[in-house]
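# Notes for the structure review
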Amino acid sequence: MSKLTRDQARNHKKALDILSKSELTFEDKVEVYRNWHEGAESNNTALGAFFTPFDMASDVTIDMHGKKILDLCAGIGVLSFCYYHFRDVYGSRPNITCVELNLKYVELGKRLLPEAEWICADVFDVWKDLPNNFDCVVSNPPFGNKIGKDSKSPRYTGNEFEYKIMDIASHLGEFGTFIV
């Protein structure tokens, strides 16, 4: 676990209190996205994994478009949540698929964005099984991590995690939006 400031710890507790409700309103979900801290329950700092702040996620949706969205390394799904709820996609809601390795994040993501299809798996194990017809692939991947050559992507042969994710995204979607 990462060391949280007092404000971060207080805000995380607020998010946990909201999550203890049997049903969540839209406003509750926004509060959880604003206040839940990934470092309270795991050491994401060591992995180079930092969640996208809610306001930044909302801004990033300006660069996202289309009806079929893939969110790689989705965390709890803040990028997809913002796109789903704040962008008008030709008068209908988008079809969103979120891929995330951490089961706890997937479980929380399903609670916050049940409209998405959630896949709990390593991106490198499932990308070949995903269709390659997404309108947009979005990600805020863990960055700065070196990974072995055995984690394959379509073309990139180096060992930089974020480049492998971008290579996979370029194979699966027409456009991509990344935070790196």
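Here goes a summary of the coordinates provided. (Residues numbered from 1 in each chain as written. Predicted model: local features only at pLDDT ≥ 70, side-chain atom pairs only at ≥ 80, totals over all residues. Heavy atoms only, no water.)

### Things to note about the overall build of the protein chain
In plain terms, the rule: Numbering of helices and strands runs from the N terminus; a helix is a DSSP stretch of H or I covering at least four residues, while a strand is a stretch of E covering at least two. Relative accessibility under 20% of the residue-type maximum defines a buried residue, over 50% an exposed one, and the middle range a partly exposed one, all with a 1.4 Å probe and only protein chains included. Contacts between residues were defined by any pair of non-hydrogen atoms, one from each residue, lying within 4.5 Å. Note on areas: these come from Shrake-Rupley sampling with a 1.4 Å probe, and a residue is covered only by the protein chains present in the view.
Helix and strand counts for the protein chain stand at 8 helices and 5 strands. Helices (α) and strands (β) of the protein chain occur, in sequence order from the N terminus, as α-α-α-α-β-α-β-α-β-α-β-α-β. Buried residues in the protein chain amount to 51% of all 180 residues. Restricting the contact set of the protein chain to residue pairs at least 6 apart, pairs at least 24 apart contribute 65%. Accessible surface, the protein chain: about 9,300 Å² in total, of which carbon and sulfur atoms supply 52%.

### Section: the environment of F134
Within the secondary structure layout, F134 lies in strand β4 (residues 134–139). Sequence separation of F134 and K67 is 67 residues, and the distance between their C-alpha atoms is 8.3 Å. In contact with F134, other than residues within four places in its own chain, are K68, I69, L70, T97, L172, G173 and E174.

### Structural notes on the packing of aromatic side chains
Formally: Two rings from Phe, Tyr or Trp (for Trp, the six-membered ring) form a pair when their centres sit within 6.5 Å of each other. Planes less than 30 degrees apart are called stacked, planes more than 60 degrees apart edge-to-face, and all others tilted. Two conditions define a charge located above a ring, namely a distance within 6 Å from the ring centre to NZ of Lys or CZ of Arg, and an angle within 35 degrees of the ring normal.
Going through the model one piece at a time under the given rule, you end up with 11 aromatic pairs. Between F51 and Y105, the ring centres sit 4.9 Å apart and the planes meet at 75°, which makes this aromatic pair edge-to-face. With F51 in the loop between α3 (44–47) and α4 (54–60) and Y105 in helix α6 (residues 103–112), this residue pair connects regions lying 54 residues apart in the sequence. Ring centres of Y156 and Y163 lie 5.7 Å apart, and the angle between their planes is 85°; this geometry places the pair in the edge-to-face category. Site record: aromatic cluster; members linked through ring pairs are F26, Y33, F54, F81 and F86. Its guanidinium or amino end placed over the ring of F134, K68 lies 5.1 Å from that ring's centre, counting from NZ or CZ. Of note, R93 hangs over the ring of Y84, and the distance from its end group to the ring centre comes to 4.9 Å.

### Brief notes about the pattern of salt bridges
For the record, the criterion: In what follows, salt bridge is the name for a side-chain nitrogen of Lys or Arg lying within 4 Å of a carboxyl oxygen of Asp or Glu.
Overall, the coordinates contain 6 salt bridges when judged by the stated rule. The partner of K21 in a salt bridge is D28, with the nearest N and O atoms 3.0 Å apart. Linking D55 and R34 is a salt bridge whose minimum nitrogen-to-oxygen distance equals 3.0 Å. Taken together, the residues span a long stretch of sequence, with D55 in helix α4 and R34 in helix α2 (residues 26–35) at a distance of 21 residues.

### Considering the pairing of β4
Formally: Following DSSP output, two strands are said to pair if at least two bridges run between them.
Taken across its 6 residues, β4 has 5 buried, putting it largely inside the fold. Looking at chain direction, strand β1 (residues 68–72) and β4 are connected through 4 bridges and run parallel. Each bridged residue has a counterpart across the sheet, and for I69 the counterpart in β4 is C136.

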